[in-house]
Structures are given as structure tokens and as C-alpha cells.
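# Breakdown of the fold
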Amino acid sequence: MHSHSHDDNSSARIGWAFFLNVGFTIIEFVGGILTNSTAIMADAVHDLGDSLSIGLAWILAKLGNKPASQNFSYGYKRLSLLGSLINGIVLIAGSAWVLYQSIPRLFDPEMPVTEGMLVLSIFGIAVNGFAAFKLSKGKTLNEKVLNWHLLEDVLGWVAVFIVSVVLMFVEWPILDPILAIGFTLFILFNVLRNVGTTLKLFLQGVPDKNLAGKIERKLKDVQEFQRFHHLHLWSLDGEHHVLTVHIELEADVSLEDQRDLKRRLSQELAEFDLSHTTVEFELYNEPCRDHSI
């Protein structure tokens with residue numbers, strides 16, 4: 001009962017943050033057009049990405065916890081990768097559009113409506129700050145990651161606030177596209193890195209080379225067998241990992257000894273907190289049926 005209440009509270013906090021961000025993102029796009037500010041449009045794209053992240057996290061947190069079924073025998077954790085990829089594609093497209101708008105303004109800068117920029121920046125600091133405050137009470141990984149996104153947004157709006165104040169006293173319109181391009185390059189750097197990681201996990205690449213090395217060393221330390229092969233480590237969503245391995249037994253081993261070895265392997269691998277583990281024993285002189293893989 002306590003766990004159910006905890007999940008409900010987490011979902012409610014993420015829901016609050018989602019609706020605040022979506023509503024404010026719409027205001028940002030309208031405000032960016034009205035103030036003629038590419039910096040605000042850049043931040044609007046950033047907030048659109050955060051809204052998608054929060055919304056997908058909210059939905060996928062519910063779907064991802066569904067039990068495995070006949071059609072999805074590993075469960076639904078992998079949906080979070082799909083959400084991450086969709087979010088990355090939207091942000092890359094939005095960032096490309098902001099750069100397309102901002103770069104020409106470096107050579108022909110236009111003065112934005114600084115009063116409107118100032119008002120929107122104060123509003124942005126307040127909205128994102130409140131959303132971050134709501135999520136700061138959460139203990140889940142989702143909430144902690146999303147909270148960092150929102151804190152980044154607060155810092156972005158602080159930068160817009162500073163630029164708008166400067167532009168009220170000094171007519172340097174080039175500051176607006178410089179800020180927009182700076183925001184966008186920062187977003188693109190992080191997004192491309194995350195998309196690369198997501199694609200690697202989609203292609204069932206090894207999620208963590210250090211972890212794979214530790215597992216190999218742990219298996220080599222087990223005295224009851226000398227060789228193993230077809231060790232495959234992949235991940236459902238970047239957090240829940242799957243391991244399969246073939247163990248070559250050196251001699252004919254009784255069923256009781258096989259049970260003992262399975263228990264030993266279970267104890268040795270417990271520290272890695274793997275979500276799914278499949279160990280196949282190959283008896284003495286038994287050919288491997290997966291030799292071609």
C-alpha cells in the first residue's frame with residue numbers, strides 16, 4: 001500500500017511539472033514571435049524538449065511497469081528508449097530551425113522588444129523554478145533527472161533576464177542571436193550524445209564496458225569450470241541489463257553438482273543486479289549449437 005501511494009505521488013509531481021511546462025512553452029513561442037527574440041525562441045525549443053521528456057516519462061513510467069506478456073516477454077521497459085529517441089529527434093529538428101533563424105541575424109541583427117523579454121524571463125524563472133521545486137521532493141530516478149532539466153531551464157532564463165536588462169541600457173542587438181546560438185549548441189551537444197547512447201542500446205550494444213569486464217573477471221574466478229563463451233550483455237532501457245552466457249563443463253557433471261554450480265553462479269552475479277540472466281551449461285565434449293553467432 002505504501003509503494004502504491006509513493007508511485008501515485010511521483011506521478012502527480014511529474015504531471016504537475018508536465019502541464020506547467022507545456023502551458024509555458026506555448027506562451028514562449030507566442031512571446032518569442034511578439035518580442036522578435038531568437039533567444040526566447042531557442043529557449044522555447046529547449047522547453048518543448050523538456051515538456052516531451054516529462055510527458056513521455058510520465059506516460060512511460062506507467063506503461064514501463066506493466067508486467068511482461070506473451071507478446072512482450074521482457075516487459076515494457078524498452079519503451080523509455082523509444083521515448084528518448086523521439087525526444088531527441090524533435091530537439092534536433094527544433095535546434096536546426098533555431099540556428100537557421102539565428103545565424104543570419106549575426107550579420108543583420110534586429111533589436112528585440114526588451115521589455116517583453118524581461119517579463120517572459122521573470123515568468124520563465126518562476127514557472128521552471130516552481131516545477132523544479134515540486135520535483136525536488138521526489139526520490140525516483142525519473143524525478144531527479146527531470147529536476148536537473150528544469151534547473152537548466154531556470155539558468156537559461158536567468159541568462160535571458162540578464163541580456164534583456166543589458167539591452168535596455170545598451171543597443172547591442174547582436175546579443176540576442178549570440179544567446180540563441182549558445183543555447184542551441186548546448187542543447188545539440190547533449191541531445192546528440194544522448195541519441196548516440198540510445199541508438200547504441202537499441203542496437204543491443206554493451207551498455208557499460210566496465211560492467212562487462214567485471215562480469216567476465218567474476219566468471220573467470222569460478223573454479224568449477226575453465227571456459228565460457230557467447231557472453232552477451234545488453235540493456236532493456238539503460239538501467240535494466242540482460243546477460244546470457246554459455247559455460248563449458250570440463251567433465252561429466254552430476255545433476256546435483258550442476259545445481260550447486262547454478263547456485264554459486266547466482267551468488268557471484270547477484271552484485272550486478274541483472275534483470276534477466278540466462279546461463280547455458282555445455283556438457284563435456286558437447287558441441288555448441290550457437291557456434292555461428
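Preceding this paragraph is the structure being described.
Below is a summary of the structure that appears in this document.

The rules behind each value
- Residues numbered from 1 in each chain as written.
- Predicted model: local features only at pLDDT ≥ 70, side-chain atom pairs only at ≥ 80, totals over all residues.
- Heavy atoms only, no water.
- Salt bridge = Lys/Arg side-chain N within 4 Å of Asp/Glu carboxyl O.
- Buried < 20%, exposed > 50% of the residue type's maximum accessible area, 1.4 Å probe, protein only.
- Helix = DSSP H or I, 4+ residues; strand = E, 2+ residues; numbered from the N terminus.
- Polar contact = N/O pair within 3.5 Å; in protein donor to acceptor, adjacent residues only side chain to side chain.
- Contact = heavy atoms within 4.5 Å.
- Pairing = 2+ DSSP bridges.
- Axes fitted to C-alpha atoms, helices over the stretch in contact; angles between N-to-C directions.
- 1 Å grid on protein atoms, 1.4 Å probe; cavity = no way out; pocket = protein on both sides within 12 Å on 5 of 7 lines; lining within 4 Å.
- Points joined across faces, edges and corners; volume = space filled by probe spheres on them.
- Nonpolar A, V, L, I, M, F, W, Y, C, P; charged D, E, K, R; others polar.
- Core = buried A, V, L, I, M, F, W, Y, C linked by side-chain atoms within 4.5 Å.
- Phe/Tyr/Trp six-rings, centres within 6.5 Å; stacked < 30°, edge-to-face > 60°.

## Observations regarding the pattern of salt bridges
Close approach of charged atoms allows side chains with opposite charge to pair. Scanning the model with the defined rule gives eight salt bridges in all. A salt bridge links glutamate 110 to arginine 105, with the nearest nitrogen and oxygen atoms 3.9 Å apart. With relative accessibility at 37%, the residue glutamate 110 sits in the partly exposed group. Glutamate 248 is the partner of arginine 227 in a salt bridge, and the nearest nitrogen-oxygen pair spans 3.3 Å. Here the residue arginine 227 occupies a position in strand S1 (residues 227–235), and glutamate 248 occupies one in strand S2 (residues 241–248), the gap between them amounting to 21 residues. Owing to a relative accessible area of 47%, arginine 227 belongs among the partly exposed residues under this scheme. The network of salt bridges with shared partners includes Lys218, Arg264, Glu268 and Glu271.

## Here's the deal with the side chain of threonine 25
Mapped onto the elements, threonine 25 comes out in helix H1 (residues 2–35). Looking at threonine 25, its side chain comes within polar contact range of the side chain of serine 51, at 3.3 Å. Apart from residues no more than four positions distant in its own chain, threonine 25 is found in contact with Ala44, Asp47, Leu48 and Ser51.

## Side note on the sheet that holds S1
Reading across from one edge, S1-S2-S3 is the order of the three strands in this open sheet, with mixed pairing throughout. The two strands at the open ends of the sheet, each matched to only one other strand, are S1 and strand S3 (276–282). Strand-to-strand, the axes of this sheet are offset by a mean angle of 10°, without reference to chain direction. Bridging between S2 and S3 involves seven bridges; their strand directions are parallel. By the bridge assignment, valine 245 is partnered in S3 with valine 279. Relative to the sheet, helix H7 (residues 209–220) contacts S1 and S2, its axis offset from that of S1 by approximately 150°.

## Some thoughts on the layout of surface pockets
The space that makes up the second largest pocket amounts to roughly 160 Å³. Forming the boundary of the second largest pocket are Phe72, Ser73, Tyr74, Gly75, Tyr76, Arg78, Leu79, Trp234 and Leu236. Split by residue class, the lining of the second largest pocket holds six nonpolar, two polar and one charged.

## Some words on the side chain of serine 102
With respect to the helices and strands, serine 102 occurs in helix H3 (residues 79–107). Residue classification places serine 102 among the buried residues on the basis of a relative accessible area of 0%.

## Re the nonpolar core
Burial of nonpolar side chains together is a common tendency in soluble globular proteins. Ranked by internal contacts, the top residues of the largest apolar core, which has 21 residues, are Ile40, Met117, Trp157, Val160 and Leu179. If you list the elements that add at least two residues to this core, you get helix H2 (38–64), H3, helix H4 (114–136), helix H5 (141–169) and helix H6 (175–202). In terms of residue count, the dominant contributor to this core is H6 (six residues). For methionine 117, the contacting residues outside a window of four places in its chain are Thr35, Ser37, Ile40, Pro112, Val160, Val163, Ser164, Leu167 and Asp176. Counting 18 residues, the second largest nonpolar core, distinct from the first, contains Leu211, Ile215, Leu233 and Phe272.

## Quick look at the packing of aromatic side chains
Enumeration over the complete set of coordinates arrives at three aromatic pairs. Aromatic side chains phenylalanine 18 and phenylalanine 19 sit 5.2 Å apart centroid to centroid with 65° between the ring planes, which places their arrangement in the edge-to-face category. Put simply, the rings of Phe24, Phe123 and Trp157 touch in pairs and so form one group of aromatic residues.

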